[in-house]
Amino acid sequence: MKVISKISQMQAIMKQERMNGRTIGFVPTMGYLHEGHLTLLQRARQENDIVVLSIFVNPTQFGPNEDFDAYPRNFERDEQLAKKAGADYVFYPDVEEMYPRKMSVAVTVTERVNVLCGKQREGHFDGVATVLIKLFHIVTPDRAYFGMKDAQQVAVVDGLVHDYNFPIELVPVETVREKDGLAKSSRNVYLTETEREEAPALYKSLKLAKERIDSGERNPEAILSFMKDYIQTHTSGIIDYIEIYSYPELKEIDTLEGRIIIALAVKFSKARLIDNMTWTV
Ligand code: PAF
């Protein structure tokens, strides 16, 4: 496994790999790798000749109240994990390499952003789209892998890839869960013992909602009200949002049909957990 920190070197290597007829699978990350990232790498390993992981804590996607400096970093650990998971290249540029001067062309994401977590993170997806445009041009992947835990990010990337004709297959990868259904997250360790016992109720509420819809319920309000009751009865968490949209457009719908997403965020004492389910009704 090679670690590359210069854009020009990365571009030259990728050009050579493509000339040799190799397919490139790409897993973009901000490092501090967890099981979710490793699942993306494993999938990329299965489906491509070459696997590229990028590690770059992207300053442009942090809001004024979000601490870029405090974001956890541990490159040595990440390097070991990436090697074990079978990555061929780790692209690890610094901020100066990626953003050497003020950008002269700005990217604004106008759709799929003012809902779910995006509502509270103004400009966040502009930064995500900006860095992904750069990374896609540098790595030139055939396939790019993203976790469905952040389904809104996947929807935004889907818009980006289609609107700007990137010849890249976007591969959404299912959320990795604990045995009891709780979506794996580095934040789960902040739950108290009682909250940890309650937390699987979030996924359970999504599953029960799906059962109701698959049995014929078509009214989004009825589902939202059922889920609110369920979460309030089974957990001590405070519901931040539960929302239902078409997916990946993230538009409001009056009737539950076509591909939909139900997504939720619930605040516990020291952790805010998110989860979602998407499927075609
Ligand atoms: O999901 C992330 O870690 C980041 O948003 C991404 C896609 C690597 C862009 O910086």
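Residue indices begin from 1 for each chain and proceed along its sequence in written order. The model is predicted, so local features are restricted to residues of pLDDT at least 70 and side-chain atom pairs to those at 80 or more, both for listing and for counting; the totals for chains, interfaces and linings are taken over all residues. As a convention, hydrogens and water are excluded, and side-chain values are obtained from all of the structure's heavy atoms.

1. What to know about the site of the ligand
And step 1. When at least one non-hydrogen atom of a residue lies within 4 Å of a molecule or strand, that residue is treated as near it. Neighbouring the ligand are Pro28, Thr29, Met30, Asn58, Gln61, Val128, Val131, Phe146 and Gln153.
And step 2. A 3.5 Å cut-off defines polar contacts: any pair of N or O atoms within that distance qualifies, except that in protein one atom must be a possible hydrogen donor and the other a possible acceptor, and neighbouring residues in sequence count only when both atoms are side-chain atoms. Between the ligand and the protein, one listed contact pairs an oxygen atom with a side-chain N or O atom of glutamine 61 at 2.6 Å.
And step 3. Interatomic distance of 2.7 Å between a side-chain N/O atom of glutamine 153 and an oxygen atom of the ligand.
And step 4. Only runs of H or I of at least four residues qualify as helices and only runs of E of at least two qualify as strands under DSSP, and these elements are numbered from the N terminus. Looking at the shell around the ligand, the elements with two or more residues in it are strand S2 (24-29) and helix H5 (124-139).

2. Description of the packing of helix H1 (residues 7-19) against H5
And step 1. Fitted lines through C-alpha atoms give the axes, limited to the stretch in contact for helices. The angle between two N-to-C directions lies from 0 to 180 degrees. At a minimum axis separation of 8 Å, H1 and H5 run at an interaxial angle of 50°. Of the possible angle classes, the one that applies to H1 and H5 is oblique. Together, Ile7, Met10, Gln11 and Met14 of H1 and His137, Ile138 and Val139 of H5 make up the contact between the two elements.
And step 2. Residues are grouped as follows: nonpolar covers Ala, Val, Leu, Ile, Met, Phe, Trp, Tyr, Cys and Pro; charged covers Asp, Glu, Lys and Arg; every other residue, Gly included, is treated as polar. Among the residues forming the contact of H1 with H5, the class breakdown is 5 nonpolar, 2 polar and no charged. Angles below 35 degrees are treated as roughly parallel, those above 145 as roughly antiparallel, those between 65 and 115 as roughly perpendicular, and all remaining angles as oblique. Contacts are assigned to residue pairs that have any heavy atoms within 4.5 Å of one another.

3. Focus on the nonpolar core
And step 1. By size, the foremost hydrophobic cluster in this structure holds 49 residues, and its most contacted members are Val52, Met98, Leu132 and Phe136.
And step 2. Sorting elements by how many residues they give to this core places H5 first, with 10 residues.
And step 3. Contact partners of methionine 98, with chain neighbours within four places excluded, come to Ile7, Phe56, Phe91, Pro93, Val131, Lys134, Leu135 and Ile138.
And step 4. Ranked by size, the runner-up nonpolar core spans 29 residues in total, among them Tyr203, Ile239, Ala271 and Leu273. Buried Ala, Val, Leu, Ile, Met, Phe, Trp, Tyr and Cys residues that are joined via side-chain atoms within 4.5 Å together make up what is termed a nonpolar core. When a residue's accessible area, from a 1.4 Å probe over protein chains only, is under 20% of the maximum for its type it is buried; when over 50% it is exposed; and in between it is partly exposed.

4. Some remarks on the side chain of serine 205
And step 1. On the secondary structure map, serine 205 appears in helix H8 (residues 200-214).
And step 2. Excluding anything up to four places from it in sequence, serine 205 contacts Phe226, Met227, Tyr230, Ile231 and Leu264.

5. Description of the sheet that holds strand S8 (residues 259-267)
And step 1. At least two bridges found by DSSP between two strands are what make those strands a pair. With antiparallel pairing, 3 strands are arranged side by side in an open sheet as S7-S8-S9. Edge positions in the sheet fall to strand S7 (238-246) and strand S9 (272-280), since each has one partner strand and no second. This sheet shows a mean twist of 10° between the axes of neighbouring strands, independent of strand direction.
And step 2. As paired elements, S7 and S8 share 8 bridges and run antiparallel to each other. Opposite tyrosine 245, over in S8, you have isoleucine 261 as the bridge partner.
And step 3. Taken strand by strand, helix H9 (residues 220-234) contacts S7 and S8, and its axis lies near 155° from that of S7.

6. Topic: the UniProt feature "binding site: (R)-pantoate" (unreviewed entry) in the chain
And step 1. UniProt positions are given in the numbering used here, feature names are shortened, and annotations may be inferred rather than shown by experiment. Per the UniProt record, "binding site: (R)-pantoate" (unreviewed entry) is annotated on Gln61 and Gln153. These annotated residues cover 93 residues of sequence, and their C-alpha atoms lie no more than 11.8 Å from one another, placing them together at a single site.
And step 2. Within the element layout of this structure, glutamine 61 appears in the loop between strand S3 (50-55) and helix H3 (75-84).
And step 3. The exposure class of glutamine 61 is buried, given its relative accessible area of 10%.
And step 4. Those residues in contact with glutamine 61, other than ones at most four positions away along the chain, are Met30, Glu66, Arg121, His124, Gly127, Val128 and Val131.
And step 5. Only 2.9 Å separates the side chain of glutamine 61 from the side chain of asparagine 58, close enough to count as a polar contact.

7. Notes on the pattern of salt bridges
Once their charged atoms are close, side chains differing in charge can pair, the charge on each being opposite to the other.
And step 1. For this analysis, a salt bridge means a side-chain nitrogen from Lys or Arg found within 4 Å of a carboxyl oxygen belonging to Asp or Glu. Under the criterion given, the structure shown has 16 salt bridges.
And step 2. Across the pair glutamate 35 and lysine 184 runs a salt bridge whose closest N-O atoms are separated by 2.8 Å. You can see glutamate 35 sitting in helix H2 (residues 35-47) and its partner lysine 184 sitting in the loop between strand S6 (169-173) and helix H7 (193-198), a full 149 residues away along the chain.
And step 3. According to the relative accessible area criterion, glutamate 35 is partly exposed, its value standing at 42%.
And step 4. Residue lysine 184 is classed as partly exposed on the basis of its relative accessible area, which comes to 25%.
And step 5. Note that glutamate 243 and lysine 119 form a salt bridge whose closest N and O atoms lie 2.6 Å from each other. Linking glutamate 243 in strand S7 with lysine 119 in the loop between helix H4 (95-98) and H5, this pair joins segments that are 124 residues apart in sequence.
And step 6. A relative accessible area of 8% places glutamate 243 in the buried class.

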